[in-house]
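Residues per chain are reported as follows:
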Amino acid sequence: MIAGLSILQIGDLLTMSKAYALTTDIFGIELGIWLWENKMIFPVDDQKQPAIRGSWKDYNSEKIPSNFAGLAVRTNDKLHIVDIDRPDWVQGNPNILTTKGAHYWYTPVDGVKNTRQGDFDLLTNAYGVFWGKGKEFQHSELHEWGDLTKMFPAIEAFRSSSNTINELFDGITYGDSLGGLTKGINCRTLPNTDTSIFSKKVGKKKEITYPRLVEDSTGFVVDVNRYRQAQVTQMENVEAGKRNNRLFRSSLEFHRLGLDTTELEKAALVAGLDQREASRTIASAYARWEDDEGTSPLDRVAVWLGAVEATDPTDSQWDVAQYVARCALEQHSLAPQVSQTRAARDNELLSQRYAGTVLNTTLVKRGLVKKIVRPGKQANGLDHCNNYHLLIDGIPLEYIDVECSTGAGQIDGRESAGANEKAGGEQ
């Protein structure tokens, strides 16, 4: 044993050395070191998910798990990626050959955002696996956007342009206004066609963006299957008088996550709603989501972390709070299940007991969480995994108007005083 190092620490060191050596072998010493030191390289598991502790956007490069199956490079202001998912499209000199196609690295240009399409992805705030199963690294030279659009004309349509507004109003004429109304706005045929605008088919559906937004913003992945299973099980047991409201809220989140509502609807029938009522509630939730998704859990959790930061926490207290935030986002819940043991392990705190003290004492006293003890699971010193409801000043996070919140904020249109009794219950 190396003096002063445990078996676990030696394993971490050897694993990091392996990942570091692979990086420098692939990119060369100078570029490899630069990529590593700037945290642009991190390991992934066999499902291409980040195999690191913490977010892939901010992780400890000296603590690489030993079970990684590949290496990924994250994009930044010096590197973006075009991911082609059709073998018949591959041409030119790609940086990475993949089983589905190829990756082309390019110098970033203005107006291009993260885009997920069937045949290709534009990765501007994401990561791309360059070493591992099904990946063949070719070179690290960057392409120019203009050269890529010549090879793949379809990608140019996803770069925003100042001409968009002009194109939007092409084919519409304006006359004089009369009595406050506009005279002369014509139902023109569409440009270059004989089709009336009244007969035009849009063929557009609202895009599911939230799960990708969470991952792109934080590096965390929403466990949509866990959320689906939990909501279906809970829906079956909702008591009369609360079923419609619960079905509406759950349906709204199902739509936000891109989940099919069939199982949820069946669970509502088990709970006692009739078919017509359940179908109408789910349809109403879809219409609400399509028009305005409302404040997302990501926004609310970000506000909660800001409230924690305002209490001037220590480094370790902040680490525990960030772990709670991670659980909330991954579980898509404002009352996530939090493991004290995992919080201590992932953040390398002194002990599980320390993490538990921060959760059950520090954050509780500051009105930032409320521990939910389920019937039959009383705190007996052996139960180290509980749900914690996120609060600000003792107020449940879901009741706070995030847009105008400067602390307690507004709660359901009322001042925050006396709202503490609303805490509790899983979201």
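Structure: above.
Here's a quick rundown of the structure. (Residues numbered from 1 in each chain as written. Predicted model: local features only at pLDDT ≥ 70, side-chain atom pairs only at ≥ 80, totals over all residues. Heavy atoms only, no water.)

## So, the packing of helix α7 (residues 243-257) against helix α8 (residues 262-271)
In the contact formed by α7 and α8, the axes pass within 11 Å of each other and the chain directions differ by 170 degrees. In terms of orientation, α7 and α8 fall into the roughly antiparallel class. Only Leu264, Ala268 and Ala271 of α8 make contact with α7, whose side of the interface consists of Arg243, Leu247, Ser250, Ser251 and Phe254. For the contact of α7 with α8, a count of residues per class yields five nonpolar, two polar and one charged. (Axes fitted to C-alpha atoms, helices over the stretch in contact; angles between N-to-C directions. Helix = DSSP H or I, 4+ residues; strand = E, 2+ residues; numbered from the N terminus. Parallel < 35°, antiparallel > 145°, perpendicular 65-115°, else oblique. Contact = heavy atoms within 4.5 Å. Nonpolar A, V, L, I, M, F, W, Y, C, P; charged D, E, K, R; others polar.)

## Describing the side chain of Thr281
Relative to the helices and strands, Thr281 is located in helix α9 (residues 275-291). One polar contact links Thr281 to Asn244, side chain to side chain, over a distance of 2.9 Å. At 2.9 Å, the side chain of Thr281 forms a polar contact with the backbone oxygen of Glu277. In this view, Thr281 contacts Asn244, Leu247 and Phe248; residues no more than four positions away in its chain are not counted. (Polar contact = N/O pair within 3.5 Å; in protein donor to acceptor, adjacent residues only side chain to side chain.)

## With respect to the packing of aromatic side chains
Under the criterion given, the structure shown has nine aromatic pairs. When the ring centre of Trp289 is taken as reference, the NZ or CZ atom of Lys206 above it lies at 4.8 Å. Here the basic side chain of Arg256 rests over the ring of Tyr210, its NZ or CZ set 5.7 Å away from the ring centre. (Phe/Tyr/Trp six-rings, centres within 6.5 Å; stacked < 30°, edge-to-face > 60°. Lys NZ or Arg CZ within 6 Å of the ring centre and 35° of its normal.)

## Quick look at the sheet that holds strand β4 (residues 70-74)
Sheet architecture is open: three strands sit in the order β1-β4-β10, paired in antiparallel fashion. Of all the strands in the sheet, just β1 (41-44) and β10 (127-132) have a single pairing partner and so form its edges. Averaged over all pairs of adjacent strands, the angle between strand axes in this sheet comes to 35 degrees, irrespective of strand direction. (Pairing = 2+ DSSP bridges.)

## Regarding the pairing of β4
β4 sits mainly inside the fold: five of its five residues count as buried. Of the two faces of β4, the one lined by Gly70, Ala72 and Arg74 and the one lined by Leu71 and Val73 are each fully buried. As paired strands, β1 and β4 are joined by four bridges and run antiparallel to one another. Along β4, the bridge assignment pairs Ile41 with Val73. In this structure, β4 lies alongside β10, joined through five bridges in antiparallel fashion. By the bridge assignment, Arg74 is partnered in β10 with Tyr127. (Buried < 20%, exposed > 50% of the residue type's maximum accessible area, 1.4 Å probe, protein only.)

## Side note on unusual backbone geometry
The phi dihedral of His332 falls on the positive side, at around 55 degrees, and the residue is not glycine. Along the chain, the position of His332 falls in the loop between α11 (315-331) and β14 (337-339). Non-glycine residue Asp393 carries a positive phi angle of around 55 degrees. As for its placement among the helices and strands, Asp393 is situated in the loop between β16 (385-392) and β17 (395-396).

## Side note on the sheet that holds strand β7 (residues 102-106)
Strands sit in the order β8-β9-β5-β7-β6-β11 across an open sheet of six strands; the sheet is antiparallel. At either margin of the open sheet sits one strand with a lone partner, and together these are β8 (115-116) and β11 (135-137). Here strand β5 (residues 80-84) pairs with strand β9 (residues 120-123) via four bridges, running antiparallel. Looking at β9, one finds that Asp83 is bridged to Asp121.

## Describing the nonpolar core
General note: in soluble globular proteins, nonpolar side chains tend to be found buried as a group. Of all hydrophobic cores here, the largest spans 49 residues; its most connected members are Met235, Leu247 and Trp304. Here this core gets eight residues from one element, more than from any other, and that element is α11. Those residues within four positions of Trp304 in sequence are excluded, and the remaining contacts are Ala321, Val324, Ala325, Leu368, Val369, Leu390, Leu391, Ile392 and Leu397. (Core = buried A, V, L, I, M, F, W, Y, C linked by side-chain atoms within 4.5 Å.)

## Side note on α7
Taking 1.5 Å per residue as the helical rise, α7 with its 15 residues ought to reach 21 Å, and the 21 Å between its terminal C-alpha atoms agrees with that figure. Of all 15 residues that make up α7, twelve are buried, and the element is covered over most of its length. By the burial criterion, the buried members of α7 are Arg243, Arg246, Leu247, Phe248, Ser250, Ser251, Leu252, Glu253, Phe254, His255, Arg256 and Leu257. Where α7 is buried, its residues touch α5 (210-218), α6 (224-235), α8, α9 and α10 (297-309). Just downstream of α7, Gly258 is the residue with a positive phi angle, here 80 degrees. (Expected span 1.5 Å × (residues − 1).)

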